[in-house]
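Inside the fold
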Amino acid sequence: MDNTRMVHVRLPKSIIAQMEQLLRLLGVSRNEFIVQAVAEKVAREIRLRGLRETRGILGPEDAPEWAEVPGVDWVRKVRGEDGEPPAWAT
């Protein structure tokens, strides 16, 4: 595990109890669960920051086709026949 580092984290007892109960149901280790949870939170915060920083960057003149089609129709068009997002969107 050359690419890992140990950190000391203090959690409220109530959170630990809930987590331990969930870990038994999921069948994953505490470490695996915490790493996944932190990775998800980091990714979410990065996405939110990007959205906040780019909010309003495009005006109606920059993408007139978006103003012409209701959002739900645009999503259906982009997703295609199978309803799945295109590979570039995932």
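Below, the structure is looked at part by part.

Some points on the overall build of the protein chain
- The helix and strand tally for the protein chain stands at 4 helices and 0 strands.
- Traced from its N-terminal end to its C-terminal end, the protein chain shows the element sequence α-α-α-α.
- For the protein chain, whose C-alpha radius of gyration is 21 Å, the value lies well above the compact-globule estimate of 12 Å for 90 residues.
- Projected onto its principal axes, the C-alpha positions of the protein chain cover 55 × 30 × 30 Å.
- Within the protein chain, the fraction of its 90 residues that count as buried is 6%.
- By element, 57% of the accessible surface of the protein chain is carried by carbon and sulfur atoms, the whole surface being about 8700 Å².
- Of the charged side chains in the protein chain, 14 are positive and 14 negative; the average position of the first set lies 14 Å away from that of the second.

Side note on the packing of helix α1 (residues 13-26) against helix α2 (residues 30-54)
- Put simply, α1 and α2 touch, their axes get as near as 10 Å, and they point 105° apart. In terms of axis orientation, α1 runs roughly perpendicular to α2. Listed contacts from α2 to M19, E20, L22, L23 and L26 of α1 are R30, F33 and I34.
- Taken together, the residues of the contact of α1 with α2 break down into 6 nonpolar, no polar and 2 charged.

A closer look at the pattern of salt bridges
- Using the criterion set out here, one finds 3 salt bridges in the structure.
- Among the ionic pairs, E45 bridges to K41, the shortest N-O distance being 2.9 Å. Residue E45 and its partner K41 are located together in helix α2, separated by 4 residues, close to a single helical turn.
- We classify E45 as partly exposed; its relative accessible area is 36%.

Re the environment of R30
- Within the secondary structure layout, R30 lies in helix α2.
- Taking C-alpha positions, R30 is 16 Å from K41, a pair spaced 11 residues apart along the chain.
- If near-sequence neighbours (up to four positions away) are discounted, R30 is found in contact with M19, E20 and L23.

Remarks on the environment of M6
- Secondary-structure assignment places M6 in the segment before α1.
- The exposure class of M6 is exposed, given its relative accessible area of 78%.
- Sequence separation between M6 and R49 is 43 residues; the distance between their C-alpha atoms is 27 Å.

Comments concerning α1
- The end-to-end C-alpha distance of α1, which contains 14 residues, comes to 20 Å, matching closely the 20 Å that a straight helix rising 1.5 Å per residue would cover.
- Residue G27 follows α1 closely and has a positive phi angle near 70°.

Reading the values: rules and limits
- Residues numbered from 1 in each chain as written.
- Predicted model: local features only at pLDDT ≥ 70, side-chain atom pairs only at ≥ 80, totals over all residues.
- Heavy atoms only, no water.
- Helix = DSSP H or I, 4+ residues; strand = E, 2+ residues; numbered from the N terminus.
- Rg over C-alpha atoms; globule rule 2.2 N^0.38 Å.
- Buried < 20%, exposed > 50% of the residue type's maximum accessible area, 1.4 Å probe, protein only.
- Areas by Shrake-Rupley, 256 points an atom, 1.4 Å probe, with all protein chains shown as cover.
- Lys, Arg positive; Asp, Glu negative; His and termini not counted.
- Charge placed at Lys NZ, Arg CZ, Asp CG, Glu CD.
- Axes fitted to C-alpha atoms, helices over the stretch in contact; angles between N-to-C directions.
- Parallel < 35°, antiparallel > 145°, perpendicular 65-115°, else oblique.
- Contact = heavy atoms within 4.5 Å.
- Nonpolar A, V, L, I, M, F, W, Y, C, P; charged D, E, K, R; others polar.
- Salt bridge = Lys/Arg side-chain N within 4 Å of Asp/Glu carboxyl O.
- Expected span 1.5 Å × (residues − 1).

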